[in-house]
Amino acid sequence: MTMSEEIIIKDIIVGESEDYMINVGPQHPSTHGVLRLEVCLQGETVKYLIPHIGYIHRGIEKMCEFDTYSQIIHLTDRMDYLSAHMNNEAVCLMVENALQVEVPERVKYIRTILDELNRLASHQLWWAAFGMDLGALTTFFYGLRDREKILDIFEESFGSRLLHSFNYPGGLMHDVHPNFQKRTKEFLSYFRKKLPEYNQLLTDNVIFHQRSKGIGYMSKETAIAYGVTGPSGRGSGFSCDVRKYAPYSAYPVVKFEEKLRTEGDTFARYLVRMDEMVESMNIIEQLVDNIPEGDFTAKMRPVLKLPAGEYFQRVETARGELAIYLVSDGNKTPYRMKFRSPNFSNLFVLNKITAGGKIADLVAVSGSLDLVIPDIDR
Amino acid sequence: MSKMYDFSQLTGAIDAYLRANMSPGWAVFTELVIIGLVALLLYALVGLFLVYLERKVCAIIQNRYGPNRVGPFGLFQTVADLIKLLMKELIPIARADKFLFNLAPFIVIIVSFMTLAAMPFALGLQAIDLNIGVLYVLAVSSLGVVGILLAGWSSNSKYSLIGAIRSGAQIVSYELSVGLSLLTVIIFAGSMQLSEIVASQADGWWLFKGHIPAFAAFLIFLIASTAEINRGPFDLAEAESELTAGFHTEYSGIKFAFFFLAEFMNMFIVAALGVTVFLGGWMPFHVGNWEGFNQIMDFIPPLVWFTLKTFFVIYLIMWFKWTFPRLRIDQLLTLEWKYLMPLCLINLVIVAFLVMMGWHF
């Protein structure tokens, strides 16, 4: 009996049992998307939960088989829409490695800066929504206020704010706006002043400590067993930063720390993300003044055909490790494309770490995993 | 204390006029109708204004403008919202207990309406001056939980039921702290009559002349009463990130508006009760021997004083709602039973000792 069959049978049995089941989702304020959690309650206590996914399944992997490599980039935006740039970059890096194209240094620097800006924007939105999950509604407006500045930078350079599809195999769609460096530096000095506000409002709050410390404990073994990567895994002491282990773009030339915490609770995952925001700003600061002059793209053929074979590429998105496995038969479209999306693995640890907690803990823990539902369903 | 703003002259004149023109029975009936109409008007106006105020206050805290389109400074926004709610469809819920489902919002709103009767808004402006005024307000306001429980039970929704049960546990627990913290001042004042308590503060508010115990009691009252009216950070009954909207998830249109309005009026009532008991009710603010200052303060009508103080307390309640995260249900009950209640009891013993030894002002 396979795993999915077991779940289905359990589901049917559960449906007939006397357990107090509630559906959290698919329309629920704290699932942040169309995710359905079938939660079994005993009073206020969560006995176990079964995640039901697929409400926003668009068949991106299948669609990739009919699209050229430059078209695939536009699909990857729509997976983890808060790490759109990193998703794009994964496809681009894979195609460039397969064709053995040397990308100009300028492109590498700009890509890395944009990665980190995107990570910052994503973490800001996470912070905003996490506070709201815990009932501190003001965080939402603080987070979005600062995220807006980053989106303005994106808009100026790419013409779009969220799904920018700015990467292209071999380089970038076009050069960044002349204001790009100036505005990025402006943002950094602005956000360094605003980050202490975040700590005053939420991090130092006693109620917040009570709500997050010791809640949703995930051991390092659990994190590894379930493949929980990104800040969620690093909160449990699982060192899994792809930027360190398989550096790409300009990450080899920058100095940065991988933020690790060993407590493994909601508060640790929170602090890892807060530290990562500072670390992202450090990375951008090292790069933004040193962007080399040069072309914004390498010379590429108009029709890209990958040689027959298997290819693998992974990048660190704001939520963890995104890996792409591709089989090519030498045509201009892939034979098969598989995404290993970080949120899919991060979601399924939820049952393990929330069982036994309260309903409010479930909301806090799922908030601390920072799930983006379209990335789970693809 | 000046008599120039005594409302009993006005009410006495109306009473005399009515009694001169009709039989005593009809006069009393007419007076009741007048009081009812005034209270209804007050209820609607204060309720609508509080909704507007909350939206403005939270907007200021959240770096926003808040409502600013309908009318000057967006003042008519809540009126427009009310009209919208009035015209909305009342969605019938399948397999809901129709009678209880329809009854619940009325219980909640009538209960909050009834507490207005004993509130001393100004000198002589009080519908009934009960000799157990504090007890009456506490007893009646805690009946509201019946409406909330009925709403959760009859909605045929699991979210609503969880919200209602949470609310029940919460209100029953925090009722104790509210009562005990008010008892400290009752011991100081030696009366449960709200007008007496106000009169006893002519030479200084209990917050200032009640030593530290009165101040501690005020803080506990503020926390416990916030919990009792289901407001953040204790809004577990309608925790929108957990239970979507808690006990009123299934309500729509004007029935939802009843819950909404009652919630805001409960906030007003709690603030008014706190002001009456701790902050001198409609008494003006006096400072020791500053004769000139005190006389200027006397010129401000008591009704204005009462309103200003009440809205100050309301602002405090709003302020921490929009700043703090929500507590969890077990932490909420721990806070009450392990910290606030014992503190209240110790506080009460200290106050009793102080009064017995005659050490208070």
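Residues numbered from 1 in each chain as written. Chains lettered and ligands numbered in written order. Predicted model: local features only at pLDDT ≥ 70, side-chain atom pairs only at ≥ 80, totals over all residues.

1. A short note on the sheet that holds strand β7 (residues 320-328) of chain A
Residue and element names in this part refer to chain A. For clarity, the cut-off: A pair of strands is considered paired only if DSSP assigns at least 2 bridges between the two. Secondary structure follows DSSP: runs of H or I at least 4 residues long count as helices, runs of E at least 2 residues long count as strands, and numbering of each begins at the N terminus. Interaxial angle, 0 to 180 degrees, is taken between N-to-C directions of lines fitted to C-alpha atoms, where a helix line uses only the stretch in contact. Contact between two residues is assigned whenever their backbone-derived C-beta positions fall within 7 Å.
The strand order across the open sheet built from three strands is β6-β7-β8, with neighbouring strands paired in antiparallel fashion. Each edge of the open sheet carries a strand with a single partner, namely β6 (309-317) and β8 (336-340). Between one strand and the next, the sheet's axes are offset by a mean angle of 15°, whatever the strand orientation. The sheet contact formed by β7 and β8 spans five bridges and is antiparallel. Within the sheet, the bridge partner assigned to Leu326 lies in β8 and is Met337. The strands touched by helix α4 (residues 84-99) within the sheet are β6 and β7, with β6 carrying the most contacts at an inclination of about 145°.

2. Some thoughts on the packing of helix α3 (residues 69-77) of chain A against α4 of chain A
All names here are of chain A. Keep this limit in mind: Oblique is the label for any angle not covered by the other classes, which are roughly parallel (under 35 degrees), roughly antiparallel (over 145) and roughly perpendicular (65 to 115). Should the near helix be turned anticlockwise from the far one by less than a right angle, the crossing is left-handed, and should it be turned clockwise, the crossing is right-handed. Here the term charged refers only to Asp, Glu, Lys and Arg, the term nonpolar to Ala, Val, Leu, Ile, Met, Phe, Trp, Tyr, Cys and Pro, and the term polar to all other amino acids, Gly among them.
The geometry of α3 relative to α4 is characterised by a closest axis approach of 8 Å and an angle of 155° between their N-to-C directions. Accordingly, the angle class assigned to the pair α3 and α4 is roughly antiparallel. Classified by chirality, the crossing of α4 by α3 is right-handed. Seen from α3, the contacting residues are Tyr69, Ile72, Ile73, Thr76 and Asp77; seen from α4, they are Ala84, Asn87, Asn88, Ala90, Val91, Cys92 and Val95. Broken down by class, the residue content of the contact of α3 with α4 amounts to eight nonpolar, three polar and one charged.

3. Focus on the interface of chain B and chain A
Facing 23 residues of chain B, the contacting portion of chain A comprises 25 residues. Breaking the side of chain B that touches chain A down by element, the ones donating at least two residues are α7 (158-189), α11 (240-243) and α15 (329-357) of chain B. Tallied by class, residues from the side of chain B that touches chain A come to nine nonpolar, seven polar and seven charged.

4. Notes on unusual backbone geometry
Residue and element names in this part refer to chain B. Positive phi, close to 55°, is recorded for Phe73, a residue that is not glycine. Looking at the element boundaries, Phe73 is found in the loop between α2 (24-61) and α3 (77-87). The backbone phi angle of Asn230 is positive, close to 60°, even though this residue is not glycine. Positionally, Asn230 belongs in the loop between α10 (211-228) and α11.

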